[in-house]
Amino acid sequence: MATTFEPDTRPMIPDDIARIVVSPKSYTNDEVVYGAFKWLRENMPLGVAEVPGYDPLWIVTKHADIREVEKNAKLFHNADHNPVLNDQASDAFTREINNGSLRILSSLTYMDPPEHGSFRSVTSNWFLPGKISKLEDQVRVLARQSVENLLSFDGECDFVKDFALHYPLRVIMTLFGVPPEDEPRMLKLTQEFFGVHDPEEQRPEIAADPVVGAKMWAATLEDFYGYFDKLSAARREQPNDDLLSLIANSRVNGLPIPRAEANGYYVAIATAGHDTTSSSTAGGLHGMLLYPENWDKVKADPAMIPKLVDEAIRWTAPVKHFMRNATEDTELRGQTIRAMDRLMICYPSGCRDEEVFADADRFDITRSPNQHIAFGFGPHMCLGQHLAKLEMRVLYEELLPHLKSVELAGEPRLVETNFVGGYKSLPIRFTKN
Ligand code: HEM
């Protein structure tokens, strides 16, 4: 019997645009990457990218489509493939060293319902806004220390390296119960974890390897696990009221949390909990330097700081993507998505969708409402969003009254990553009040 093939009617994204969206390097240049997203939203809001070395991917660029995909966690799974985009060689290497599985990290991101709900509920209460607001005094002490340190620079510093990188790390490690002397190690591991494609973050012994992404993750995870195994054992023996004790002593479906899932939790919180926040904090300042009317407004009325925080997160969108996998044939924006098709959810694009945000490239703290999608949507929506917003608000509240003027003292630099990243350097000159 003759086989008949249906003609391929999927909208295929032009090669140059597809490469920009997939390549970690493009994300070092905002103009390039946001330009590609704008072209896609206007011309091919849901199209297929075929880039050599990668699986074919649907690129989801519209705010409404991101919400649609993310709210439907049964139809669009995280865990049937890699929830993070890697090239095929890296995925093959991960399978090779991980008993055929791509689940190299047993964190929430790698889970689907009902497993996801069982594990998320271990900490979901702890992260509720009412609980997080009780941490304000503790967080403010750390913010003050950080601001004092910034002010000790003689009018010139790197806002990222000398300031924004350290404070969110201090906050999350304090809440976690990680001793301050171990923070440099945590910072280095996180930078390696999220900067796998950035030559400045790579381990020299792996840098030239064709599967550098997967190898960096495997090596970094091993170090994280070694560290957290010890801390976890200590908290089981002697629990206190920190977040690590809560996870280490939790029970899921009636059983003690397994080692892999406990470690998955620690790594997710230890990594997601600060790089994102420090990038958004730096992005907020950069946005005000490029659009100075915002600086004047927030200096005149500090009650605008929460709006500054939201706009900083929208404009920076430090999480560049997560992946989903269709579990059955379905339709989205008039296109047929087949079971097992992969979708790349592009948060920075959704955050600049002109259908939702007027003059979307503009940094504007007066946006109202500001329904950005930088924290995702649906059951996987960022667990730490209220903590991130509290940290940023408190930091700006402590910092801005001390600064009379700020200007750029060099070119800002962004991390080479298509996953989590943003500012690597933001040189500034400032005068104090
Ligand atoms: C998940 C963004 C800060 C912990 C996510 C996701 C995004 C995101 C886009 C995926 C959502 C989805 O799949 O729908 C951000 C941004 C932050 C930030 C923009 C700061 C500005 C934090 C902080 C923590 C944190 C401070 C922890 C203290 C997590 C965890 C997940 C997550 C554990 C996985 C949730 C799940 O899969 O159920 N975040 N995040 N994040 N975030 Fe954040």
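Residues numbered from 1 in each chain as written. Predicted model: local features only at pLDDT ≥ 70, side-chain atom pairs only at ≥ 80, totals over all residues. Heavy atoms only, no water.

### Quick notes on the coordination of the iron atom of the ligand
Argument step 1. Donor atoms from the protein around the iron atom of the ligand number only one, C382 (SG), found at 2.3 Å.
Argument step 2. Counting through the fold element by element, C382 comes out in the loop between α17 (347–350) and α18 (385–399). (Donors = N, O, S within 2.8 Å, 3.2 Å for Na, K, Ca; no water. Helix = DSSP H or I, 4+ residues; strand = E, 2+ residues; numbered from the N terminus.)

### Structural notes on the sheet that holds strand β3 (residues 76–77)
Argument step 1. The sheet built from 5 strands is open, its strands ordered β1-β2-β10-β7-β3 with mixed pairing. The open sheet has two edge strands with one neighbour each: β1 (46–49) and β3.
Argument step 2. Bridging between strand β7 (residues 322–326) and strand β10 (residues 342–345) involves 4 bridges; their strand directions are antiparallel. Bridged to F322 within β10 is I345. (Pairing = 2+ DSSP bridges.)

### Thoughts on the sheet that holds strand β14 (residues 427–432)
Argument step 1. Sheet architecture is open: 3 strands sit in the order β4-β14-β11, paired in antiparallel fashion. Edge positions in the open sheet fall to β4 (156–158) and β11 (403–408), since each of these has one partner strand only. With strand direction ignored, the average angle separating the axes of adjacent strands in the sheet is 30°.
Argument step 2. Two strands pair when backbone bridges link them, and β4 and β14 are joined in this way by 3 bridges, in the antiparallel orientation. Note that in β14 the partner of D158 across the bridge is P427. (Axes fitted to C-alpha atoms, helices over the stretch in contact; angles between N-to-C directions.)

### Some points on the pattern of salt bridges
Argument step 1. The full count for this structure, using the stated rule, is 31 salt bridges.
Argument step 2. Among the salt bridges present, the one from E68 reaches K71, with a minimum N-O distance of 3.4 Å. You can see E68 and its partner K71 sitting in helix α3 (residues 63–71), 3 residues apart, about one turn around the helix.
Argument step 3. Given the relative accessible area of 34%, E68 is considered partly exposed.
Argument step 4. Take K71: its relative accessible area is 51%, and that puts it in the exposed class.
Argument step 5. Taking the shortest distance from any N to any O, the salt bridge between E156 and R429 comes out at 3.9 Å. Within this pair, whereas E156 is found in strand β4, its partner R429 is found in strand β14, the two being separated by 273 residues in sequence.
Argument step 6. Each member of the salt-bridge network shares a partner with another, and the members are E136, R140, R144, R393, E397 and E398. (Salt bridge = Lys/Arg side-chain N within 4 Å of Asp/Glu carboxyl O. Buried < 20%, exposed > 50% of the residue type's maximum accessible area, 1.4 Å probe, protein only.)

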